[in-house]
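Chains, contacts and geometry: an overview
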Amino acid sequence: MVKSNDIEIPCKESLVVITSSAIEALIAFIKKGTYSRCFLIIDQNVYTRYGEAFLQQLQQKINCLVSYFVVKSGEAVKNLETAGECWQKMHSFQMDRAGLLISMGGGVVTDLSGFAASCYMRGIELVHVPTTLLAMVDASIGGKTGVNLPSGKNLVGTFCQPRRVFIDPLYLNSLSRKEFSSGLAEIIKCGVIEDPSLFAYLETQMDRIMALDPKALQHILHASCAIKAKIVAKDEKENNLRALLNYGHTFGHALETATHYRQYLHGEAVSIGMCCAAEMSFRLGFVDAEFVKRQESLCIQAGLPTELPSSVTSNELFKLMRFDKKTVSGKIHFILPTGIGTARVISDIDERLIESVLDARRGV
Ligand SMILES: NC(=O)c1ccc[n+]([C@@H]2O[C@H](COP(=O)([O-])OP(=O)(O)OC[C@H]3O[C@@H](n4cnc5c(N)ncnc54)[C@H](O)[C@@H]3O)[C@@H](O)[C@H]2O)c1
């Protein structure tokens, strides 16, 4: 049963539900449907903490057969081989087109499961139970799925809107501080590109957020999921507006690649990327120095890095940005803030300006 204090946010064919019990909300949803079987794809760390109790409840309270596949934790499993294992296990379990695929884990598992659901028998229904902050506010919403190839990240994927996303903040209690901060970067991003009141809330309530205060968490989850849902509803396939969600990502992706995905979590690289983008906006006269300072101090309060490492050269980063999969005809697209709550996409930036911004944002 959906509880009275659950928050529901529509997003295309999805409904994002912020709830105090993901398992109860999931069971109620399944009971209303006519699913033939349910298959759970679950992250190893999440399985260790929550898996048995979750599966037990599911098996006891719904009327169809349930099976599951525990995938190792970490980005390395997000590939075609694991997707193939999922399909094979689903087929051995006799999942047909009326089956429901449930994902439970961080963005690795939501991306992998979304991809698996969209291809299995040409597409079956999908529900996400995200368990990292990043997956709650970003990866589980919007329908982008994908796996990595040995030559690059997210190179193969589909668009597949989950029917439901059940966000239960209780799962955040076991998340490491570093992973929690990484998710906060995407929430700060939402405040900067779209919502001055979210930005102000983060500035004044960061202590409560870092202490996992339930009301404060509910507030930021609601605000950021609503922003992502609104943007995706207007531009699902990233033809224009959805690109704004890549704020901080042009610099961030280059940094992740340059450091071989080992030095920074995604949100940490995005935080540094947002600081680079703010510096660029300042140099172009779109924002004042106060904006740059406020955003940087918010990232620091959230436990995030804000400066490029000295180990990576500006030239290296510049080259990587030119070869990013979002770069079209050699033109690097930058999402630049024009104030708190507004941003725009700019493409024709002088190469020297890019390099001087990178030089300026480098720590010693
Ligand atoms: N589809 C999209 O729109 C989209 C958007 C952003 C990111 N992504 C993808 O998301 C992935 C990153 O997601 P992520 O940051 O969630 O990483 P992740 O899925 O690797 O999870 C991070 C770590 O947290 C652990 N974990 C998960 N939930 C936990 C919990 N409740 N308690 C304790 N540990 C827990 C996992 O085992 C893992 O070790 C990347 O592959 C990225 O490409 C996709």
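One can find the structure itself at the top, above this paragraph.
In this report, the structure presented in the accompanying data block is examined. Nothing here was measured: the structure is a model prediction, and the numbers come from that model.

What counts and what doesn't
Residues numbered from 1 in each chain as written. Predicted model: local features only at pLDDT ≥ 70, side-chain atom pairs only at ≥ 80, totals over all residues. Heavy atoms only, no water. Helix = DSSP H or I, 4+ residues; strand = E, 2+ residues; numbered from the N terminus. Rg over C-alpha atoms; globule rule 2.2 N^0.38 Å. Buried < 20%, exposed > 50% of the residue type's maximum accessible area, 1.4 Å probe, protein only. Contact = heavy atoms within 4.5 Å. Areas by Shrake-Rupley, 256 points an atom, 1.4 Å probe, with all protein chains shown as cover. Lys, Arg positive; Asp, Glu negative; His and termini not counted. Charge placed at Lys NZ, Arg CZ, Asp CG, Glu CD. Near = heavy atom within 4 Å. Polar contact = N/O pair within 3.5 Å; in protein donor to acceptor, adjacent residues only side chain to side chain. Salt bridge = Lys/Arg side-chain N within 4 Å of Asp/Glu carboxyl O. Phe/Tyr/Trp six-rings, centres within 6.5 Å; stacked < 30°, edge-to-face > 60°. Lys NZ or Arg CZ within 6 Å of the ring centre and 35° of its normal. Pairing = 2+ DSSP bridges. Axes fitted to C-alpha atoms, helices over the stretch in contact; angles between N-to-C directions. Core = buried A, V, L, I, M, F, W, Y, C linked by side-chain atoms within 4.5 Å.

Looking at the overall build of the chain
Tallying secondary structure elements over the chain gives 13 helices and 11 strands in all. Relative to the 2.2 N^0.38 estimate, which gives 21 Å for 364 residues, the radius of gyration of the chain is 20 Å and therefore close to what a compact globule would have. Counting the 364 residues in the chain, one finds 58% classified as buried. For the chain, the share of sequence-separated contacts (at least 6 apart) that also reach a separation of at least 24 residues comes to 76%. If you sum the accessible surface of the chain, you get close to 15,500 Å²; carbon and sulfur atoms cover 51% of it. Across the chain, the 39 positively charged side chains and the 38 negatively charged ones have centroids separated by 4 Å.

A look at unusual backbone geometry
Even without being a glycine, M121 presents a positive backbone phi close to 50°. Its place among the elements puts M121 in the loop between α4 (107-119) and β6 (125-130). Look at M121 and you get partly exposed, because its relative accessible area is 33%.

Quick notes on the site of the ligand
Neighbouring residues of the ligand: 24 residues in total, closest E75, G107, T131, T132 and S174. The side chain of S73 places a nitrogen or oxygen atom 3.2 Å from an oxygen atom of the ligand. One of the backbone N or O atoms of K144 is found 2.9 Å from a nitrogen atom in the ligand. The protein chains hide 88% of the 870 Å² of surface that the ligand would expose on its own. Mapped by element, the contributors of at least two residues to the shell around the ligand are α2 (44-61), α4, α5 (133-139) and β8 (152-156).

A closer look at the pattern of salt bridges
The tally for this structure, following the rule as stated, stands at 16 salt bridges. Salt-bridge contacts for R294 lead to E203; the nearest nitrogen and oxygen are separated by 2.8 Å. Here E203 lies in helix α7 (residues 196-210) and R294 lies in helix α11 (residues 289-301), a separation of 91 residues in the sequence. We classify E203 as partly exposed; its relative accessible area is 25%.

Remarks on the packing of aromatic side chains
Within this structure, the stated rule accounts for seven aromatic pairs. Geometrically, the ring pair formed by F29 and Y35 is tilted, given 6.0 Å between the ring centres and 40° between the ring planes. Of the two residues examined, F29 and Y35, each falls in the buried class. Ring geometry for F251 against F334: centres 5.2 Å apart, planes inclined by 40°, an arrangement best described as tilted. Placement of the pair is F251 in helix α9 (residues 249-258) and F334 in strand β10 (residues 334-339), with a sequence separation of 83 residues. Comparing F251 with F334, the two get one shared label, buried. Over the aromatic face of F93 sits the side chain of R37, whose NZ or CZ is 5.2 Å from the ring centroid.

Considering the sheet that holds strand β5 (residues 100-105)
Spatial strand order, β1-β2-β9-β6-β5-β3-β4: seven strands in an open sheet with mixed pairing. Sheet topology places β1 (7-11) and β4 (65-71) at the edges, where each strand pairs with a single neighbour. Geometrically, the sheet is characterised by an average inter-axis angle of 15° between neighbouring strands, direction not taken into account. Examined bridge by bridge, strand β3 (residues 37-43) and β5 share five bridges and lie parallel to one another. Its bridge partner being in β5, I41 is matched across the sheet by S103.

A short note on the nonpolar core
In summary, soluble globular proteins display a tendency toward joint burial of nonpolar side chains. Among the nonpolar cores identified, the biggest contains 106 residues, and I30, L58 and I209 are the most heavily contacted of them. With 10 residues, the top contributor of residues to this core is helix α8 (residues 214-234). Setting aside residues no more than four positions away along its own chain, L58 makes contact with I23, L26, I27, I30, V66 and I102. Membership of the second largest hydrophobic core comes to 20 residues, among which are A83, F93, A116 and A117.

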